[in-house]
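One letter stands for each residue in the lines below.
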Amino acid sequence: MPISKENENELIAQILAYLDETHLKESEDIKHELAWLETLEKVMLHHPEIGGWKNNESFDMLNKILMPTTLHIPPRVMNLHNYLVTKLHIFSTLFAILKDIAAFGVPLRASMLTITSFFTMEKVYSSCLRDNFISKEVKNRLADELVFLWDNGPNIKKAFFFDYLEQLWMARDKTPPTYGTMDGNSEIIRLSMEMPKEWDDFLREQGDDKETINALLEFVFGLSYEDIVRERERLSRAKMQSVNETELKKVFGAIEFAYTSIKSADPSRFYDFFIERHEKTLFRRGIFIEEASEAPKRTIEEIYLKYLASKV
């Protein structure tokens, strides 16, 4: 689970004390980077908060910020990004040194995953705010939450929806796929055991929706819908009952998976994993062929976020 700002500061103090005894050069380098990180935080906090986006004019301004250009991004958000990326790199360096010491490696990785979740969440919000099939009322809620995250980013204070999506990513982190019969039942059950009641409600309401099911299968398997269909067909032709990860990779051989694998030592892969799936859904929206008709046009994160925002 994520650790608080106070506990994180205590953790860093303990780590530096340990490195002073065991890795003096690395300790001095890290202290220099942490001093720079503190400066970045002060620069970011120098700029005014972005709150107060309560009317249509402000909402239109937010849409400009979300355009794929840096020119409309407020200095506070730009500096927040610099701060968090720098922090992620510092923690990644520490994790590489200390990952085998559980008292240090586990909380460091949790903090890295929280930072990754922030950037991933930002992308999920932005995508939903551009979705023409989401109501203005729901978009207003999401816009308020996104601004809240931007204004509280240094401590990554949690907005209401942030907690739910971060829980989803952390549950996926704990439950890598076993593949088996490729129906996904085992993966979904194990994932759901780590999730709150709202997730169960979501699955009950969306259980018959093919886009939701197939987006969730992409999420739990780490494979594209097309790769999943291809492997199911192979199992059927070969009259095989199940497949494990080693066999799956061997069978695919030179055929490249649509999505790169999630590496447990690199929490930033969750961000890449979302971007890959999101870009694939955008591509599918632009093609009209029967084979792609049941492939998800949105990621499970976008579908889940829309559901949560519509229930508030």
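Keep in mind the model is a prediction, meaning the values are calculated, not measured.

Reading the values: the criteria
The written sequence of each chain sets the order in which its residues are numbered from 1. Totals for whole chains, interfaces and linings use every residue, but because this is a predicted model, local features are given only for residues with pLDDT of at least 70 and side-chain atom pairs only at 80 or more, for both listing and counting. To obtain the side-chain values, all non-hydrogen atoms of the structure were included, while hydrogens and water were left out. Each axis is a line fitted through C-alpha atoms, taken for helices only over the stretch in contact, and angles between the N-to-C directions span 0 to 180 degrees. Starting at the N terminus, helices and strands are each numbered in turn, a helix being any DSSP run of H or I of at least four residues and a strand any DSSP run of E of at least two. For classification purposes, an angle smaller than 35 degrees is called roughly parallel, one larger than 145 roughly antiparallel, one from 65 to 115 roughly perpendicular, and anything else oblique. Handedness of each helix crossing follows the sense of rotation of the near helix against the far helix: counterclockwise by less than a right angle gives left-handed, clockwise gives right-handed. Contacts: residue pairs with any heavy atoms within 4.5 Å of one another. Polarity classes work like this: nonpolar for Ala, Val, Leu, Ile, Met, Phe, Trp, Tyr, Cys and Pro, charged for Asp, Glu, Lys and Arg, and polar for all others, with Gly in that last group. Whether a residue is buried, partly exposed or exposed follows from its accessible area with a 1.4 Å probe, protein chains only, as a fraction of its type maximum: under 20%, in between, or over 50%, in that order. Each Phe, Tyr or Trp ring (for Trp, its six-membered ring) is paired with any other whose centre lies within 6.5 Å, and the angle between the two planes then decides the class: stacked below 30 degrees, edge-to-face above 60, tilted in between. Should a side-chain nitrogen of Lys or Arg be within 4 Å of a carboxyl oxygen of Asp or Glu, the pair is scored as a salt bridge.

Draft legend 1. Layout of the packing of helix H4 (residues 75–98) against helix H5 (residues 102–129). Running from N to C, H4 and H5 point in directions that differ by 150°, and their axes come no closer than 9 Å. Put simply, H4 runs roughly antiparallel to H5. The two elements H4 and H5 cross, and the hand of that crossing is left-handed. From H4, Val 77, Leu 80, His 81, Leu 84, Val 85, Lys 87, Leu 88, Phe 91, Ser 92, Leu 94, Phe 95 and Leu 98 reach across to H5, where they touch Phe 104, Gly 105, Leu 108, Arg 109, Ser 111, Met 112, Ile 115, Thr 116, Phe 118, Phe 119 and Glu 122. Split into classes, the residues belonging to the contact of H4 with H5 amount to 15 nonpolar, five polar and three charged.

Draft legend 2. Main features of unusual backbone geometry. Notably, Met 182 is not glycine yet its phi reads approximately 65°, a positive angle. In this structure, Met 182 sits in the loop between helix H7 (160–174) and helix H8 (185–193). You will see that Lys 239, though not glycine, has its phi angle at about 55°, which is positive. Position of Lys 239 among the secondary structure elements: in the loop between helix H11 (225–238) and helix H12 (245–252). On the basis of relative accessible area, Lys 239 is assigned to the exposed category, the value being 73%.

Draft legend 3. Here's a closer look at the environment of Arg 269. Mapping Arg 269 onto the fold places it in helix H13 (residues 269–285). For Arg 269, a relative accessible area of 7% translates into the label buried. The spatial distance from the C-alpha of Arg 269 to the C-alpha of Thr 116 is 8.4 Å, given a sequence separation of 153 residues.

Draft legend 4. Representation of the side chain of Ser 127 within the structure. For Ser 127, the position within the fold is in helix H5. We classify Ser 127 as buried; its relative accessible area is 10%. Excluding its chain neighbours within four sequence positions, the residues that come into contact with Ser 127 are His 278 and Glu 302.

Draft legend 5. Representation of the packing of aromatic side chains in the model. Counted under the stated rule, the structure contains eight aromatic pairs. Aromatic side chains Phe 118 and Phe 119 sit 5.8 Å apart centroid to centroid with 85° between the ring planes, which places their arrangement in the edge-to-face category. Here the two residues Phe 118 and Phe 119 agree in accessibility, since each one is buried. Taken together, the ring pairs in this structure connect Trp 199, Phe 202, Tyr 304 and Tyr 307 into an aromatic cluster.

Draft legend 6. Focus on the pattern of salt bridges. Summed over the entire model, instances satisfying the criterion amount to 23 salt bridges. A salt bridge links Asp 173 to Arg 109; the nearest nitrogen and oxygen atoms lie 2.7 Å apart. Of this pair, Asp 173 sits in helix H7 while Arg 109 sits in helix H5, and the two are 64 residues apart along the sequence. Using a relative accessible area of 16% as the deciding quantity, one classes Arg 109 as buried. Glu 194 is the salt-bridge partner of Lys 174, the closest N and O atoms lying 3.5 Å from each other. One end of the pair, Lys 174, is in helix H7; the other, Glu 194, is in the loop between H8 and helix H9 (197–206), with 20 residues separating them in the sequence. A relative accessible area of 54% means that Lys 174 is categorised as exposed.

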